[in-house]
There are 2 protein chains.
Amino acid sequence: MPQLILDKQKCIGNIEKMVKKAHENQLSFRPHCKTHQSAEVSNWYRDFGVSKITVSTFPMATYFAQTGWNDILVAFTFDPGQVRTLNALPERVRISILIDNPDILPHLRKIERQVSFYIDIDTGYGRTGVKSDATQTVDSLIKQSQRIKNLSFAGFYCHAGHSYKTADPVKRKELHLKALSDLKKLKEQFITYAPKALYGDTPNCSIQNDFTGIDEITPGNFVFYDLMQLTLGACQMEEIAVAMACPVVGKYPEVRRLVIHGGAVHLSKEIIHMEGKPVFGLMVNGIPKGWEPSDRLQYISGMSQEHGILEECGDWMKDVNIGDILHFLPVHSCLTANLMRNYITTEGQHIATLNS
Amino acid sequence: MPQLILDKQKCIGNIEKMVKKAHENQLSFRPHCKTHQSAEVSNWYRDFGVSKITVSTFPMATYFAQTGWNDILVAFTFDPGQVRTLNALPERVRISILIDNPDILPHLRKIERQVSFYIDIDTGYGRTGVKSDATQTVDSLIKQSQRIKNLSFAGFYCHAGHSYKTADPVKRKELHLKALSDLKKLKEQFITYAPKALYGDTPNCSIQNDFTGIDEITPGNFVFYDLMQLTLGACQMEEIAVAMACPVVGKYPEVRRLVIHGGAVHLSKEIIHMEGKPVFGLMVNGIPKGWEPSDRLQYISGMSQEHGILEECGDWMKDVNIGDILHFLPVHSCLTANLMRNYITTEGQHIATLNS
């Protein structure tokens, strides 16, 4: 069966680097835990003095609250169906939520605890959020929220996810600087509330060096990185901290094809294109402890529920036998980790997640 | 949170129809359980007299053996790493495996129980299997297997998965008839072993009516169907037996966009194209018990880890509020069910799976 291998040293290296970057830029650091979804991995943040986290759902908030986290932002526009789960969280936990629409406010009258909220700001991504120039909506949201006893306005949150849509450094810097500028303006306009600005997707937090006006960063994927981040220039191949170990189950030298056990239920169907070809994973060299980059640009080029297909294999495939284990970097480590639900470190330690 | 709703009546209707088709064509029926992965759903097959199943992994075989199934085919080219799990299956269970390479045989000397094997035959799909004209390989495989005490040759297995690659009825019939003809030739050539021919992907088993030479069919997806099967003409929309109930978490009337909680970790990143546009799910009308097709061709057109994006929404979106539940048919129900790990029926019954 496929296994998701985690290189703890690489992972801690990624954490250390981001902690350092936050420190150098005088940013508070609230890493997103949706990528690893693991109490154990979250403890590695604690070792660097991190005391607050970001999650994407209330079940995830509940899990991390149970493992001792006391300051949790649920960075997903609030769903009224989650009021009960919110109220049931341990009292000691400071909870923040995300809002982008005044229509949610009547539902929040049912909140039985103090909750901070951030206004989700859209600086150009076009997914969720109040458009950054819609200051009347922002004003109205803040004022209406003041009539709700347990709710207090904490600031602005921006996930500039359009950073994933371009690998062009100039365009990416532009969208980053626009986000900074938009958030700065909002902070100035609503300065009487002393709002904070929270920011952070992995590409921007990894690549950019100017965070003027930002108070806190919330990247998540950087803890593992993946092929998508590699193609965006957000990481080096050596920094990718998870790899899938897959048994070879088919060998067809006459058509230069290998088939592995490692499919859509393991790696996910997330796809990128490299050299114009569809890629579901990139082969790396297995070494006694973990993996290392390979000279062979061998991709997983096809995928069904359980199977991964390697086409146009080189002569090296002669030495591969049925049952051998090959290693692959995932395209999108968040989805892969969510599917696999467990890690085994290169030292052999089993690591559980919320979904184990 | 998103919930996967299962319409038990539609599901049983799909089972009944396939049972009838098998009966009318004098075919034995060994449904694939990788789609639903649920003991409860597998019991609905038992009510129609089904006594054997297909699975894709040994953990899945173990789960269904524990729930009382006694005849299980693991329809995935055998991985030597699974010998121990195979040996640990309850003695009463008759296990069949899939082989396409003589290199696997030495590993099978470690089998401590009687195991039947089918030779995986490639009639044109190009994933796994011995090419259907490679009769020398087939002959060699059978002869070599006879030297292994616990192994007995049972016949040929063909998953004609290239049926998923064309919606053209003429081309699809051609590839189906080629598969039948190839299997028939193999059966005749190796008649001294009285081999059986196992066949069956959902599109072919749903659409085709000629199964000459086939002994047993093994489709799986038909139990739920999905948008992919719909676009292939393998089912009617009314037959799709699962839908995702997703809360609305974002409403942006100025750009005609809605955002739902329902993303890649719920529906999967499986994509099809309808009217030239990327589709991750199709909206249907929620009704008091379940759902029904809608006149609105509203797709999930974008997706991230937790979010689904509905673009170009019609005037109907005015009546939608944050927190409302919208219903969506999945593109690939196997992957969606694997991610969700639980169902709730339209009658409110909770149904667990292997992964619950």
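All values reported here derive from a predicted model rather than from experimental measurement.

About the cut-offs
Residues numbered from 1 in each chain as written. Chains lettered and ligands numbered in written order. Predicted model: local features only at pLDDT ≥ 70, side-chain atom pairs only at ≥ 80, totals over all residues. Buried ≥ 20, exposed ≤ 12 C-beta atoms within 10 Å, placed from the backbone. Helix = DSSP H or I, 4+ residues; strand = E, 2+ residues; numbered from the N terminus. Contact = placed C-beta atoms within 7 Å. Domains from an automatic or database assignment. Pairing = 2+ DSSP bridges. Right-handed = clockwise from strand over helix to strand, strands pointing away. Nonpolar A, V, L, I, M, F, W, Y, C, P; charged D, E, K, R; others polar. Least-squares fit on C-alpha atoms with pLDDT ≥ 70 in both. Arc of directions from axis to C-beta.

Our focus in this paragraph is helix H3 (residues 58–66) of chain A. All names here are of chain A. Among the residues making up H3, those that are buried are Phe58, Met60, Ala61, Tyr63, Phe64 and Ala65. Of the surrounding elements, those touching the buried residues of H3 are helix H2 (39–46), strand S3 (53–55), strand S4 (71–77), helix H4 (83–88) and strand S5 (94–99). Note on H3: the residue one or two positions beyond its end, Gly68, has a positive phi of about 105°.

Split by domain assignment, chain A resolves into domain 1 (9–223) and domain 2 (237–331). Relative placement of domain 1 of chain A and domain 2 of chain A: their C-alpha centres are 35 Å apart.

Turning to the environment of A:Phe224, a few remarks are in order. Along the chain, A:Phe224 turns up in the loop between strand S10 (216–217) and helix H8 (227–232). When the C-alpha positions of A:Phe224 and A:Val242 are compared, they lie 6.1 Å apart, and in sequence the two are 18 residues distant.

The next thing to look at is the pairing of S4(A). Sheet faces and side chains relate simply in a regular strand, where the side chains alternate between the two faces. Residues and elements named next belong to chain A. Among the seven residues that make up S4, six are buried, leaving the element largely enclosed by the rest of the structure. Of the pairings in the sheet, the one linking S3 to S4 comprises three bridges and is parallel in character. Each residue of the ladder has a partner; that of Ile53, found in S4, is Ile72. The parallel pair S3 and S4 is bridged by H3, and the resulting crossover is right-handed. Across five bridges, S4 lies against S5 in parallel orientation. If you follow Val74 over to S5, its bridge partner there is Ile97. Crossover handedness for the path S4 to H4 to S5: right-handed.

This next bit is on the interface of chain B and chain A. If you look at the interface, chain B gives 38 residues, while chain A gives 38 residues. When residues of the side of chain B that touches chain A are traced back to their parent elements, those giving at least two are strand S4 (71–77), strand S11 (242–252), strand S12 (257–261), strand S19 (307–310) and helix H9 (333–340) of chain B. It is S11(B) that provides the largest number of residues to the side of chain B that touches chain A, a total of four residues. Partitioning the side of chain B that touches chain A into residue classes produces 14 nonpolar, 15 polar and nine charged.

Between chain B and chain A, which share one sequence, the superposing operator has a rotation angle of 180° and an axial displacement of 0.0 Å; the RMSD is 0.0 Å. In short, the pair behaves as if placed about a two-fold rotation axis. No C-alpha of chain B approaches the rotation axis more nearly than that of B:Lys269, which lies at 2.7 Å. A shared binding surface is used by both copies, with 100% of the interface residues of chain B retained as interface residues in chain A.

In this section: helix H2 (residues 39–46) of chain B. All names here are of chain B. Buried residues of H2: Val41, Ser42 and Tyr45, and no others. Down the axis of H2, the smallest arc covering the buried residues is 100°, so these residues share one side. The elements touched by buried residues of H2 are helix H1 (8–24), strand S3 (53–55), helix H3 (58–66) and strand S22 (350–352).

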